[in-house]
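# Structure assessment
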Amino acid sequence: DSVAQNYERGKKLGEGTYAVVYQGHRRDTATTVAIKKIKVNADYKDGLAMDAIREVKYLQELSHPNVIALHDVFSKNENLHLVLEFLPGGDLEMLIRDQNVQYGAADIKAWMGMLARGVWFCHENFVLHRDIKPNNLLIAADGEVKLADFGLARSFADPYLNMTHQVITRWYRPPELLYGARQYSGAVDIWSMGMVFAELLLRVPFVAGNSDLDQIAKISEAFGTPNKDNWPGVEALPLYIETDKNSIIPTSGRDFFLRQFPTAGPVGADLLMSMCTLDPRKRITAVQTLRHDWWTIDPQPTKNADLPRKR
Ligand code: ADP
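Model, not experiment: these values are computed from the prediction.

Our next topic: the pairing of strand β2 (residues 19–26). Where strand β1 (residues 7–15) lies against β2, six bridges are found, and the strand directions are antiparallel. Note on β2: the bridge partner recorded for arginine 9 is glycine 24. The antiparallel pairing of β1 with β2 creates a hairpin that spans three residues between the two strands. Pairing between β2 and strand β3 (residues 32–38): seven bridges, direction antiparallel. Bridge pairing links valine 21 to lysine 36 in β3. Count of turn residues in the β2/β3 antiparallel hairpin: five residues, of which alanine 30 carries a positive phi of about 65 degrees.

Below, the structure is given as structure tokens:
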């Protein structure tokens, strides 16, 4: 592949379950990049991976400040390589977990704003991210937060899994996917965004189930039991289990969110609540989140240069 010749690979930056990431640079411009070598499962190197490659080609056309840029794709020694924008600022998970990092409502508003704009742009272009979590929100040298690690990268390693409800790390997974919905929409990303918002406020994952069933139980405890009254049609989903009438937990209202997330303020709590709506059809959409009052009321979002950094 001649595209491979355009890049020089440098030191290894890290390794995930399905990829090894290297620093690198373009030979002609010396631009620093990240080169992600996907561990392609031998079984579907040929046929099925073509779909994923087509999807990657589409992603290459998308350009937005809050979406990681995909500069190139090439194969070398039978391995698929993604040439990505170099983002050396770590990720939001590192900042949430590091007790030496202090941040407040204005910082959360800045980070959530960048996340919301990235998600809006993807959805406008018919792309679902499908795996939004703090660890996939990478930070540029200038503090800008970017959506990274699109689920499709994983589809190279495991295209079958990607087609089912087994997308999205459990704690950020919306109830419709836990119930086995096969058709889903941008609402899956909005739920995950809500879970990131809650985690930024609490500094611990908000609903951390230790199995899929436990995840549904914890979602029910927090937000109310999904049932045909608050979510018409839920009873038809493949993995839905009806809860005994006497055990139904009522749907959480404003007061719950205010009490649980005091730092969000009443308007922030209202936005979070609308992202945590059980019925995906009633959940707020990306474009609606951007029109919410929370962005414009005080405190104003922190400027990128003043945002807390990785140490
Ligand atoms: P994980 O899901 O464990 O983060 P990844 O394969 O996505 O695994 O990435 C492995 C590591 O490589 C990350 O922890 C990060 O340190 C680094 N990395 C990934 N993408 C980039 C990038 N675009 N720029 C700089 N470093 C990156």
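When a protein is soluble and globular, its nonpolar side chains tend to lie buried together. Formed by 78 residues in total, the largest nonpolar core has its most connected members in Trp111, Met112, Leu115, Phe197, Leu200, Phe223 and Phe257. Ranked by residues supplied to this core, first place goes to helix α3 (residues 105–124) with ten residues. Setting aside residues up to four positions removed in sequence, phenylalanine 223 forms contacts with Trp191, Met195, Phe206, Pro250, Thr251, Ser252, Phe257, Cys276 and Leu278. Counting residues in each nonpolar core, the second largest holds six residues, with Ala4, Val33, Ile35 and Phe74 among its members.

Here is what the cut-offs are and how they apply
- Residues numbered from 1 in each chain as written.
- Predicted model: local features only at pLDDT ≥ 70, side-chain atom pairs only at ≥ 80, totals over all residues.
- Heavy atoms only, no water.
- Pairing = 2+ DSSP bridges.
- Helix = DSSP H or I, 4+ residues; strand = E, 2+ residues; numbered from the N terminus.
- Core = buried A, V, L, I, M, F, W, Y, C linked by side-chain atoms within 4.5 Å.
- Buried < 20%, exposed > 50% of the residue type's maximum accessible area, 1.4 Å probe, protein only.
- Contact = heavy atoms within 4.5 Å.

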